[in-house]
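Below, each chain spelled out in residue letters.
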2 protein chains.
Amino acid sequence: MATARTSAGAAPGRGRRAGRSAGDDRELAILTTAERLLRQRTFAEISIDDLARGAGISRPTFYFYFPSKDAVLLTLLDRVTEEADAAAGDVLDHLAEDPRARWRELISRFHATFGGHRAVVLACAEVRGTNVEVRRLWARVLERWVQAVEAAIVAERRRGAAPPGLPARDLAIALNSMNERVWYATFAGDGPAVAERDVVDVLLDVWLTGIYRTTSPG
Amino acid sequence: MATARTSAGAAPGRGRRAGRSAGDDRELAILTTAERLLRQRTFAEISIDDLARGAGISRPTFYFYFPSKDAVLLTLLDRVTEEADAAAGDVLDHLAEDPRARWRELISRFHATFGGHRAVVLACAEVRGTNVEVRRLWARVLERWVQAVEAAIVAERRRGAAPPGLPARDLAIALNSMNERVWYATFAGDGPAVAERDVVDVLLDVWLTGIYRTTSPG
DNA sequence: ACGTCCGTCAACACCCTGTCGAGATCGCTC
DNA sequence: GAGCGATCTCGACAGGGTGTTGACGGACGT
């Protein structure tokens, strides 16, 4: 039980006495061990014992820091999505300046963030089917991005840059979904996939034609 | 190890003496039990014992018919993709008659097939991360569809109906990927999703704009 | 009647998860 | 610098799932 150690939602490591403690180091050690191991094996192939040993503690002690293996991944995912949010910034507020360049910037930054943590992204895709918490967190994050894109599409239509068409929300969902799946295939490298160096431009083209009916919107 | 009972790839139930035998019934019973249970719980929540009891046999006997729980799902997936292939038929050979109507027919038929077996589809998405065989089978199937769509795009460009643009294969990958992910969200019902009655039209519009730059190609 | 497959299952060995309770250790106060 | 509560640690256990082994019954051709 311990304190509110589940994190994922706020700055982790809160709820204990102010300063740095040995416990914080251990928690971090578990996290970094997880991300390291994820670069070598599947999430399913990693046992709690692996995580514990990698962090220099015993298996029962692991449970002091995280309630389960999935909770570790959840924390990792939380960090990545925060990083992605920060990277995206407010590009969508400046679409009018140069639509194509701005949309490209958005997609490109997401690509860079996910690509930098592909092990975590792949692992999350792996457990999304079984783990409710990961599913919910991802749903929440995606919802935010969908709403941002939806608003941007509405704004582009209002200023006459984009023609009317599909409900903006549906279009935003479809485009975001496409990106997710295409990135997954590219990073996982199995099945038909777009080459990593082309993926941003491919996605961009489908976004632009979907929103503007042209790949060079004015 | 019994005979070549893994199936998934050819007509299942071959490799034993000609006529119907009790074993074929059992094998079928396992399959139908799996699809039934999948409508109620997650794949991970179903144990081999559940499958065996549902089929009226003991757990060790299950192993006589299938090497693992995943192999059952693989057989199920094989059937669904065969059904989808059959449903798709040769619509893509008649695009010139009425592009919008034909593309819509293609998407709509896939939608109907997957929607009719959403439990299996969802379960496959769940294990794709962990199971190599499911991953490979899905990759093979997807590759076929991608190639068919790629060829259709090339043909449409050649006859002047579609403008040049992205490499046809990359476009085909992106569009197929989008469909997969959007359907998944719609069927799973979690996270931002397109309403089931709208999903075909939403996907169609993105396909048409991506391929023709218009939603009403001539 | 007799071997030989097909089909069946009780029992076993194994691995992984999650929990409990008994300690060690840390940081603070008096 | 002794004492105390919170933090931290782990050995040992219980439970549930998987996959395998070895022995047993029945159908079928000869």
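Look up: the structure comes first, before these words.
None of the values given here were measured: they were computed from a predicted structure.

S.K.: When you look at the relation of the copies chain A and chain B in this model, what are you seeing that I'm missing?
M.R.: The two chain copies are connected by a rotation around an axis plus a translation along it. Between chain A and chain B, which share one sequence, the superposing operator has a rotation angle of 180 degrees and an axial displacement of 0.0 Å; the RMSD is 0.0 Å. Such a turn and shift between the copies fits a two-fold axis. Looking at the rotation axis and the C-alpha trace of chain A, the residue lying nearest is Met 178 of chain A, at 2.0 Å.

S.K.: What is the right way to look at the packing of aromatic side chains in this model?
M.R.: In this description, an aromatic ring pair is defined by two values, namely the gap between the centres and the angle between the planes. Scanning the entire structure with this criterion turns up 20 aromatic pairs over all chains. Relative to Trp 138 of chain A, the ring of Phe 114 of chain A has its centre 6.3 Å away and its plane inclined at 55 degrees; by these criteria the two rings are tilted. Of the two residues, Phe 114 of chain A sits in helix H5 (residues 99-116) while Trp 138 of chain A sits in helix H7 (residues 132-158), which places them 24 residues apart along the sequence. Relative to Trp 145 of chain B, the ring of Phe 110 of chain B lies with its centre 4.6 Å away and its plane at 85 degrees, an arrangement referred to as edge-to-face. Within this pair, whereas Phe 110 of chain B is found in helix H5 (residues 99-116), its partner Trp 145 of chain B is found in helix H7 (residues 132-158), the two being separated by 35 residues in sequence.

S.K.: Is there a simple way to think about the interface of chain A and chain B in this case?
M.R.: It is common to give the size of an interface as the accessible area that goes away when the parts come together. Between chain A and chain B, the contact holds 40 residues from the first and 40 residues from the second. For the pair chain A and chain B, the summed buried surface comes to about 3,200 Å²; carbon and sulfur atoms form 68% of the total. When the buried surface of chain A facing chain B is broken down by residue, Arg 181, Pro 192 and Arg 213 of chain A rank first, second and third, together holding 21% of it. For the interface between chain A and chain B, the tally reads four salt bridges. Here Glu 180 of chain A and Arg 181 of chain B are joined by a salt bridge, their closest N and O atoms 2.8 Å apart. The interface formed by chain A and chain B includes four residue pairs in polar contact (both at pLDDT 80 or more). Ranked by residue count, the leading element in the side of chain A that touches chain B is helix H8 (residues 168-188) of chain A, at twelve residues. A per-class count over the side of chain A that touches chain B returns 18 nonpolar, nine polar and 13 charged.

S.K.: Mind showing me how you'd approach the environment of Val 127 of chain B here?
M.R.: Residue and element names in this part refer to chain B. Along the chain, Val 127 falls in helix H6 (residues 118-128). Of the residues examined, Val 127 reaches a relative accessible area of 5% and is grouped as buried. Sequence-wise, Val 127 and Gly 218 are 91 residues apart; in three dimensions their C-alpha atoms are separated by 42 Å. Residues within four places of Val 127 in sequence aside, it is in contact with Phe 43, Leu 73 and Val 134.

S.K.: Please explain the packing of H5 of chain A against H8 of chain A as it appears in this structure.
M.R.: When two helices pack together, you describe them by how their axes are tilted relative to each other and by the distance separating the axes. Residue and element names in this part refer to chain A. At a minimum axis separation of 11 Å, H5 and H8 run at an interaxial angle of 45 degrees. As judged from the angle between their axes, H5 and H8 are oblique. As H5 packs across H8, the resulting crossing turns out to be right-handed. Contacts from Ile 107, Phe 110, His 111, Phe 114 and Gly 115 of H5 reach H8 at Asn 179, Trp 183 and Phe 187. In terms of residue class, the contact of H5 with H8 is made up of five nonpolar, three polar and no charged.

The rules behind these values
- Residues numbered from 1 in each chain as written.
- Chains lettered and ligands numbered in written order.
- Predicted model: local features only at pLDDT ≥ 70, side-chain atom pairs only at ≥ 80, totals over all residues.
- Heavy atoms only, no water.
- Least-squares fit on C-alpha atoms with pLDDT ≥ 70 in both.
- Phe/Tyr/Trp six-rings, centres within 6.5 Å; stacked < 30°, edge-to-face > 60°.
- Helix = DSSP H or I, 4+ residues; strand = E, 2+ residues; numbered from the N terminus.
- Contact = heavy atoms within 4.5 Å.
- Buried area = accessible area lost by both parts, 1.4 Å probe.
- Salt bridge = Lys/Arg side-chain N within 4 Å of Asp/Glu carboxyl O.
- Polar contact = N/O pair within 3.5 Å; in protein donor to acceptor, adjacent residues only side chain to side chain.
- Nonpolar A, V, L, I, M, F, W, Y, C, P; charged D, E, K, R; others polar.
- Buried < 20%, exposed > 50% of the residue type's maximum accessible area, 1.4 Å probe, protein only.
- Axes fitted to C-alpha atoms, helices over the stretch in contact; angles between N-to-C directions.
- Parallel < 35°, antiparallel > 145°, perpendicular 65-115°, else oblique.
- Left-handed = near helix turned anticlockwise from the far one by under 90°.

Limitation: the analysis is restricted to geometry and does not speak to function.
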